[in-house]
Structures are given as C-alpha cells and as structure tokens.
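Listed below, chain by chain, are the residues.
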Number of protein chains: 2
Amino acid sequence: MPKSKGQEAVTTGPAAEEREEFRIFYEHIKRTGLKKTGQRDMILDVFLRTEGHVSSEDLYEIVKREDATIGFTTVYRTLKLLQECGLARNVQSYDGRMLYEHDFKHDHHDHLICTSCGTLIEFFSETIEKIQDRITDEHRFKPISHSLRIFGICWECQVRAEKESRSRR
Amino acid sequence: MPKSKGQEAVTTGPAAEEREEFRIFYEHIKRTGLKKTGQRDMILDVFLRTEGHVSSEDLYEIVKREDATIGFTTVYRTLKLLQECGLARNVQSYDGRMLYEHDFKHDHHDHLICTSCGTLIEFFSETIEKIQDRITDEHRFKPISHSLRIFGICWECQVRAEKESRSRR
DNA sequence: ATTGGTGCAAAACTTTTGCACGGTA
DNA sequence: TACCGTGCAAAAGTTTTGCACCAAT
C-alpha cells in the first residue's frame, strides 16, 4: 500500500503561539471548554509542517519521532479538533483511508488521485463549483461539503510503467 | 448508522437466462475460465432486482432471505465479478463503506449523499464531465474513473428536522 | 478540587484471505 | 479427473471507545 506522500517538508516560521493557526486553535479550545495541552500544541505544530495529505497514522509516525510518548489516540482525536475549527479538512483516499490536509487559507479544491502511487494532485474549477450549486438547488439538497476525485495514473507513474515495460523487452 | 436504501423493489421480468445481463455475465464467466453456479445466478438475480445502492452486507442480507445457505463471501466475490463485467459499479459512501449500483445501460452519474439518512440521489452534468477531461489533459493524468459526491442533507431530512424542532418547542 | 486529557488496550467494522470440502466441466 | 467455487473462520487494517491514571484550570 502506498504511503501518503509529501508530509515531511519542514518550514521554520514564527514561534508557535504567534501563528494565526494557533490562535484559531486556542480560541476553539476556549470556546468549547477544552484544555490547552503540550501534546495538542505539538501535534498541531507537526501537522502545520506537513505538506500534502497525511493519514492519522502518518501523522502519528512523524509526531512519534519528535516525542515518542505521544499516543496514536491523541493524534487521532486532535485531528478531529483541527477539523472542527477549520484548520484541517479530510479526503477519503481511493483505498478507503481518511487523509487530512490543511484547510486554513487554503482554497477549496478537488483531487486527481493516482491509484498506482497514491499521490494526490490538487485542482480547482470555478465552473464545477457553480454547477454543483445549481444542482443542489434543483434537488432542494442542503450541501455541506463535496468531494470530486478523479482516479487514474499520474504522469510519473505512466513514465515509470513505460520505462519498465521497455526494459522488459 | 443508516442502512443503504431502496434495495427492495421487486420487478418480475423474463426468465433469468433470457436476460441480457445474464448473457453478459455468462460470457464473462466463459471468457475467464470460471464456472456457472447456482449461487452466482441467484446473487445476480437478486442484485438486478435491487434499486439504488447496496453494500455487500445489504445484498447478503437480501440473498439470505431467499437462500440461507449462501455465505457472505460468495456474495462479496460475486459483486467483484459483476464489476469486472460491467454489470455493477461501486461508490464509496460518506462513511467509508462501499456501495454497489447497476452499471448496465445506466449512464454514468454522480451523487448527492445525505449524511443524515444515507440516501444517494443521482445527477449528471455533461459540462462537469468535459471540464474533468480538460483538467486531466492539463496534468497529463490518465483518468480511469471519477467520483463526485456532494454531501449534505436531503429535502426529506430537512423537512423532518424542521418538524421535530417545531414539536419540541 | 474538578473536569478534561492521555495512552493503552481492546472493540467495532468492513474488507480480504486461507483452507478443506464439494461441485462443475 | 482437474479445477474452480463455496462457506467458515480468521486475518487485516482502520476507526472508535472504555477506562484508569494524570494534568490543566
């Protein structure tokens, strides 16, 4: 099974507490009567440093490298919190696993999903968005979110497959 | 968890073996060196009588009513066969379960999925299809299939929620 | 002090697979 | 006879939950 990709690019930025994402998170925590903890801070910090799409397991693996005492459950539950306050968004991968991506100051978009290597490529179409609005109106359906996924083979995998088939001859 | 809906409308038609779907199935069976069995016939027959979207478990439950000796595994594997020969198509529901729908002489379409009752409503947009082609071209992505799902609340559930909130006052 | 948080272990579920026995060609 | 199919049980792989102990307010 392909690992989710692109989760390891590291960026150095302002101190944790100064970042807007943390302010949003803390507000959410205060508003819902939860508590600020070191684990949650660290998980959010790691999540913000990821790029692309991670599963809860992926994120747990990265977190574990920096603090092996943090449990999977906490990562899992923190991802739920991040979704609630609009910092994370989830996408169902082609194999049924749930992946998470940044949702703060990231415009809505859809995905091309390579069923060979698991990569997700983002794209956006204003026209598709508008048509969706028209369709939900017609059905008196109250839309909450949507997910357009195009499954297929990404260019890299096509090239690789071609190369492999040539060398086999 | 909402049960998948609409799987029980029964239609009486021509004898099994005369139906085009069965010819397609038998051809697939012959072509791939498999064998015709009573179980497979019955599962296909039941599947053809369903409407809407069923999970493998749903289909198993219906099949079991007509023949309690058939096992889940056989239903599950037969659904795979039906997909292979183009009689069934699958859709991932909002909760991660895989649902199956008819794919023979049924045009491609997308779904509005009610996250309250689980109902799937079908729709189609030629424009969206065309835009998808343009996008995959731009990314040199080789499309295999796609899935556009709009999650939200269907009209019936909206009405029901409204009614309930009124009676609570 | 309270109330919520954490980590572990286990439950819940669906999807898949291994295997011994029985049926089809 | 030689395969393939079937049903059972169990494996796999995630997502969720119960609980006892710990930490934040």
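To start, this report covers the structure provided alongside it. If you're wondering where the values come from, they're calculated on a predicted model, not measured in any experiment.

## Description of the relation of the copies chain A and chain B
Okay, step 1: The two copies are related by a screw operation: chain A maps onto chain B through 179° of rotation and 0.0 Å of translation along the axis, at an RMSD of 0.2 Å. Expressed as an axis order, the relation between the two copies is that of a two-fold axis. Distance from the rotation axis, computed per C-alpha, reaches its smallest value in chain A at L148 of chain A: 2.1 Å.
Okay, step 2: Of the interface residues in chain A, 100% have counterparts in chain B that sit at the interface too, so the contact is made through matching surfaces.

## Thoughts on the packing of helix 2 (residues 38-49) of chain B against helix 3 (residues 56-66) of chain B
Residue and element names in this part refer to chain B.
Okay, step 1: Contact pair helix 2 / helix 3: the axes reach a minimum separation of 10 Å and the direction vectors enclose 115°. For the pair helix 2 and helix 3, the crossing hand works out as right-handed. Every residue of helix 3 that contacts helix 2 at M42, I43, V46, F47 and R49 is listed here: L59, I62, V63 and E66.
Okay, step 2: When its residues are assigned to classes, the contact of helix 2 with helix 3 shows seven nonpolar, no polar and two charged.

## Structural notes on the pairing of strand 5 (residues 120-123) of chain B
Residues and elements named next belong to chain B.
Okay, step 1: Across four bridges, the pairing between strand 4 (residues 110-114) and strand 5 is antiparallel. From the neighbouring strand, H111 faces strand 5, where its bridge partner is E122.
Okay, step 2: Hairpin remark: strand 4 followed by strand 5, antiparallel, with five residues in the connecting loop; positive phi at G118, about 85°.

## A word on the sheet that holds strand 5 of chain B
Okay, step 1: The six strands are arranged 5(A)-4(A)-6(A)-6(B)-4(B)-5(B) in an open sheet whose pairing can be described as mixed. Looking at strand neighbours, the two that pair on one side only are strand 5 (120-123) of chain A together with strand 5 of chain B, the edges of this open sheet. On average, each strand axis in the sheet is tilted by 25° relative to the strand beside it, whichever way the strands run.
Okay, step 2: Helix 5 (residues 126-138) of chain A contacts strand 4 (110-114) and strand 6 (142-153) of chain A together with strand 4, strand 5 and strand 6 (142-153) of chain B of the sheet and is inclined by roughly 130° relative to strand 6 of chain A.

## Quick word on the packing of aromatic side chains
All names here are of chain A.
Okay, step 1: By the definition in use, this model includes eight aromatic pairs over all chains.
Okay, step 2: Look at F25 and Y26: their rings are 6.4 Å apart centre to centre, the planes differ by 35°, and that puts the pair in the tilted class. Note on accessibility: F25 and Y26 belong to one class, buried.
Okay, step 3: Site record: aromatic cluster; members linked through ring pairs are F22, F25 and Y26.

Procedures and definitions
- Residues numbered from 1 in each chain as written.
- Chains lettered and ligands numbered in written order.
- Predicted model: local features only at pLDDT ≥ 70, side-chain atom pairs only at ≥ 80, totals over all residues.
- Heavy atoms only, no water.
- Least-squares fit on C-alpha atoms with pLDDT ≥ 70 in both.
- Contact = heavy atoms within 4.5 Å.
- Axes fitted to C-alpha atoms, helices over the stretch in contact; angles between N-to-C directions.
- Helix = DSSP H or I, 4+ residues; strand = E, 2+ residues; numbered from the N terminus.
- Left-handed = near helix turned anticlockwise from the far one by under 90°.
- Nonpolar A, V, L, I, M, F, W, Y, C, P; charged D, E, K, R; others polar.
- Pairing = 2+ DSSP bridges.
- Phe/Tyr/Trp six-rings, centres within 6.5 Å; stacked < 30°, edge-to-face > 60°.
- Buried < 20%, exposed > 50% of the residue type's maximum accessible area, 1.4 Å probe, protein only.

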